[in-house]
Structures are given as structure tokens and as C-alpha cells.
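# Architecture and fold: a report
Listed below are the residues making up each chain.
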Amino acid sequence: MNEQARIDKWLWAARIFKTRSIAADACKNGRVTKNGVNIKPSHIIKIGEVVSVKKPPVTYSFKVLKAIENRVGAKLVPEVYENVTDPKQYELLEMSRISGFVDRARGTGRPTKKDRRAMDAFVEPAMFGFEEFEDDFDDLDSEE
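Notes on the structure follow. (Residues numbered from 1 in each chain as written. Predicted model: local features only at pLDDT ≥ 70, side-chain atom pairs only at ≥ 80, totals over all residues. Heavy atoms only, no water.)

### Overview of the pattern of salt bridges
If you walk through the whole model with that rule in mind, you get 5 salt bridges. The closest approach of N and O atoms between R20 and D8, which form a salt bridge, is 3.2 Å. Here D8 lies in helix α1 (residues 7–13) and R20 lies in helix α2 (residues 20–28), a separation of 12 residues in the sequence. For R20, a relative accessible area of 35% gives the class partly exposed. (Salt bridge = Lys/Arg side-chain N within 4 Å of Asp/Glu carboxyl O. Helix = DSSP H or I, 4+ residues; strand = E, 2+ residues; numbered from the N terminus. Buried < 20%, exposed > 50% of the residue type's maximum accessible area, 1.4 Å probe, protein only.)

### So, the sheet that holds strand β3 (residues 37–38)
A sheet is described by the order of its strands in space; here 5 strands give the open sequence β3-β2-β5-β6-β7, paired in antiparallel fashion. In the strand order of this sheet, the two ends are held by β3 and β7 (81–83), each with one partner. (Pairing = 2+ DSSP bridges.)

### Some details on the packing of aromatic side chains
This model, assessed by the stated rule, comprises 4 aromatic pairs. Considering the side-chain rings of Y60 and Y90, the 6.2 Å spacing of their centres and the 65 degrees angle between planes classify their relative orientation as edge-to-face. Here Y90 lies in helix α4 (residues 87–99) and Y60 lies in strand β6 (residues 58–64), a separation of 30 residues in the sequence. Owing to a relative accessible area of 35%, Y90 belongs among the partly exposed residues under this scheme. Aromatic rings pair up to connect W10, Y60, F62, Y81 and Y90 into one cluster. (Phe/Tyr/Trp six-rings, centres within 6.5 Å; stacked < 30°, edge-to-face > 60°.)

### Description of unusual backbone geometry
In the segment running from P56 into P57, the intervening peptide bond is cis, with an omega of 5 degrees. Residue placement: P57 occurs in the loop between β5 (50–55) and β6. One non-glycine residue, R15, lies in positive phi territory at about 65 degrees. For R15, the location among the structural elements is in the loop between α1 and α2. The partly exposed category is assigned to R15, whose relative accessible area is 38%. Backbone geometry at N35 places phi at a positive 55 degrees, although glycine is not the residue there.

### Brief notes about the nonpolar core
I7, W10, L11, I16, V32 and Y81 are the most contacted members of the largest nonpolar core, which totals 24 residues. If you list the elements that add at least two residues to this core, you get α1, α2, β5, β6 and α3 (77–80). Contact partners of V32, with chain neighbours within four places excluded, come to I7, L11, A26, C27, V37, N38, I39, V51 and S52. (Core = buried A, V, L, I, M, F, W, Y, C linked by side-chain atoms within 4.5 Å. Contact = heavy atoms within 4.5 Å.)

### A closer look at the side chain of T85
Mapped onto the elements of the fold, T85 is located in the loop between β7 and α4. At 2.5 Å, the side chain of T85 forms a polar contact with the side chain of N83. (Polar contact = N/O pair within 3.5 Å; in protein donor to acceptor, adjacent residues only side chain to side chain.)

The following block contains the structure:
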């Protein structure tokens, strides 16, 4: 068994990222760090190292248990890494969830097409009695 692996391959193989190219882009954009230092996609990691991955709003931390480069099934993930993320990060995630954009309650935010049609039907000019006055304006136009 290898005791080292490329970080982009490991992140993909450990199912932290869906594709290897997304993992490589995360490394290039400074979202993957080791000991507070940004690392390149070709960086070699070893067993026992702690890797931090920023997936806003949370920064996850993983301790490498196996340095693999071939993707494993979801059931085998606990053998590959140990999640050592600070509990405060999960509080941040919960706060962002509460603050709005995720799991928004039905009826809040922009109206649906159905809601919009109902509002348009409610606010038609006939509702306010403007139809009576339209004939008066037509008479004024014909006098001129």
C-alpha cells in the first residue's frame, strides 16, 4: 500500500470532491491548505497529515488515514480519513442555514407564476371601478 498520494487525486478518491478536476481547481484557487499553507494539486500528502478544505461557509479538516489515488465506495470512506473539523465550523453552517437562503419557507421570496397570475387578476382595473371612467375618456377624445 502506498504511503503517499497526490492531493487532488486523494480529495477525489476520498469523495470530498465529485471530480478530480474540481479538486484540482480547489487547490489552484487556494481552498485546500495544509498547516495553513495553500497547496498545489500535485502536492504529495502522507498518512497522518491534516488537510483543510474550504467549502464556504465552512472549512473542513481531514486527517489522512490512507493515502489512496483510486476512488472508494462511500462505505469505505471512514477508513480513508477522519473528520477533525472544529465544531464551531458546523455552528457557522447552521447559522447560515437559519439566516435564509437554504431551506426557505414556502411563500417567502419571489412569487411563483401561479402567485403572480393571482396577483394580476386581483389588481385588474375592473376591481377598482375604472371601467366606468374609460367611456368618459373615449367621449373626450371624440369631441376633439
